[in-house]
Amino acid sequence: MELGLYGIWTSFHAIGEENAPAAAKVAQDLGYGTFWVGGSPRLASLRPALEVTDSITVGTSIVNVWQYEPAELCAEFHALEADFPGRVIVGIGIGHPEATSEYEKPLTKMTGFLDGIAASPAPIPAERMIIAALGPRMLDLSGARSLGTIPYFTPPEHTGAARERLALPALVAPELAMVLDEDRPRAAATARRYAELYLGLANYTTNLKRFGFSDTDIAAGGSDRLMNTIVPQGSAAALAEHVAAHRAAGADHVCIQTLGGPGVPEADWAAMASALGLRRG
């Protein structure tokens with residue numbers, strides 16, 4: 001898959017599903033390589049974004065294995081592939097135990113789901129899937145059974161560990177949320193509002209502790225140190241340095257999520273494209 005060095009990460013909740021086609025077109029025109037849709041969307045819901053673009057890769061980050069049967073996901077992939085060959089990447093994730101009453105061991109569930117895809121009459125090729133992986137064993141699975149990993153809410157140290165663990169050509173494509181706002185108190189408040197959900201989820205907090213953050217960092221809305229690493233704030237130039245930190249740690253692709261108000265944040269995406277040296281299409 002041609003993901004490019006940088007992609008845009010957003011969700012229907014953030015921009016409005018009706019605005020997704022326009023958002024994908026903006027991302028393509030600004031020079032981003034991939035348009036990622038988060039929030040556990042249905043794969044078929046990517047169609048409108050694909051219809052108005054002609055080159056950008058469009059992917060999920062992620063479809064949730066608890067909300068699909070493998071054969072159903074395969075059928076939706078091939079329906080899109082028939083009309084938009086080579087442009088869809090299926091990001092797959094396990095979700096988190098707080099949201100799923102039937103939650104079982106994540107590795108067991110993901111392995112079974114991938115086995116189901118492989119056994120389908122028309123499987124999704126491994127190189128057209130990418131897995132959201134945090135822990136070592138899920139990272140190993142992502143490298144063995146898919147294009148690589150698309151981790152979320154992680155520091156550059158996790159990117160480095162993932163890169164060290166996954167042999168090339170497996171990809172490491174972390175998401176990085178950021179607040180493009182030079183008003184420090186306002187930007188910090190925006191970052192903490194976003195982070196509140198994730199700091200209450202065990203899979204994310206356990207992973208943060210693997211990489212040097214403590215209970216004190218995680219408590220009370222997150223320490224300044226944690227926020228400045230996981231959800232950096234500031235100018236486009238300053239934020240580009242945080243993107244560069246993930247690239248230096250071994251990221252092949254960085255999924256950029258800008259935080260702020262509702263609707264399509266075209267100005268923020270344009271500012272980051274300029275700071276990253278992207279060329280408009």
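The preceding data block contains the structure.
Residues numbered from 1 in each chain as written. Predicted model: local features only at pLDDT ≥ 70, side-chain atom pairs only at ≥ 80, totals over all residues. Heavy atoms only, no water.

S.K.: It is not clear to me how the packing of aromatic side chains should be interpreted in this structure. Could you clarify?
M.R.: Between two aromatic rings, the relevant description is the distance of the centres plus the angle of the planes. Taken as a whole, this structure holds eight aromatic pairs when the rule is applied. Each ring, one from Y198 and one from Y204, has its centre 5.4 Å from the other, and the planes form 90 degrees; the classification is edge-to-face. One aromatic cluster is present, built from ring pairs that chain together W9, Y152, F153, Y194, Y198 and Y204. Of note, R42 hangs over the ring of Y68, and the distance from its end group to the ring centre comes to 3.8 Å. The ring centre of W66 lies 4.5 Å from the NZ or CZ of K109, which sits over that ring. (Phe/Tyr/Trp six-rings, centres within 6.5 Å; stacked < 30°, edge-to-face > 60°. Lys NZ or Arg CZ within 6 Å of the ring centre and 35° of its normal.)

S.K.: Help me understand the nonpolar core in this model?
M.R.: General note: in soluble globular proteins, nonpolar side chains tend to be found buried as a group. Counting 60 residues, the largest nonpolar core has Y32, F35, L73, V90 and I92 as its most contacted members. For this core, the element with the highest residue contribution is helix 2 (residues 20-30), accounting for six residues. Setting aside residues up to four positions removed in sequence, V90 forms contacts with L43, T60, V63, L73, F77, I124, R128, M129 and I130. Among the nonpolar cores identified, the runner-up in size contains 32 residues, and I150, Y152, Y198 and M227 belong to it. (Core = buried A, V, L, I, M, F, W, Y, C linked by side-chain atoms within 4.5 Å. Buried < 20%, exposed > 50% of the residue type's maximum accessible area, 1.4 Å probe, protein only. Helix = DSSP H or I, 4+ residues; strand = E, 2+ residues; numbered from the N terminus. Contact = heavy atoms within 4.5 Å.)

S.K.: Please clarify how unusual backbone geometry should be interpreted in this entry.
M.R.: Glycine aside, residues mostly have negative phi angles, and peptide bonds mostly take the trans form. Look at the link from S61 to I62: it is a cis peptide, with omega at 15 degrees. Its place among the elements puts I62 in the loop between strand 3 (57-61) and strand 4 (63-64). In this model, L168 is joined to P169 through a cis peptide bond whose omega is 15 degrees. Here S40, not a glycine, exhibits a phi torsion of approximately 55 degrees, which is positive. With respect to the element layout, S40 can be found in the loop between strand 2 (34-38) and helix 3 (47-51). Taking relative accessible area as the criterion, S40 reaches 23% and is therefore assigned partly exposed.

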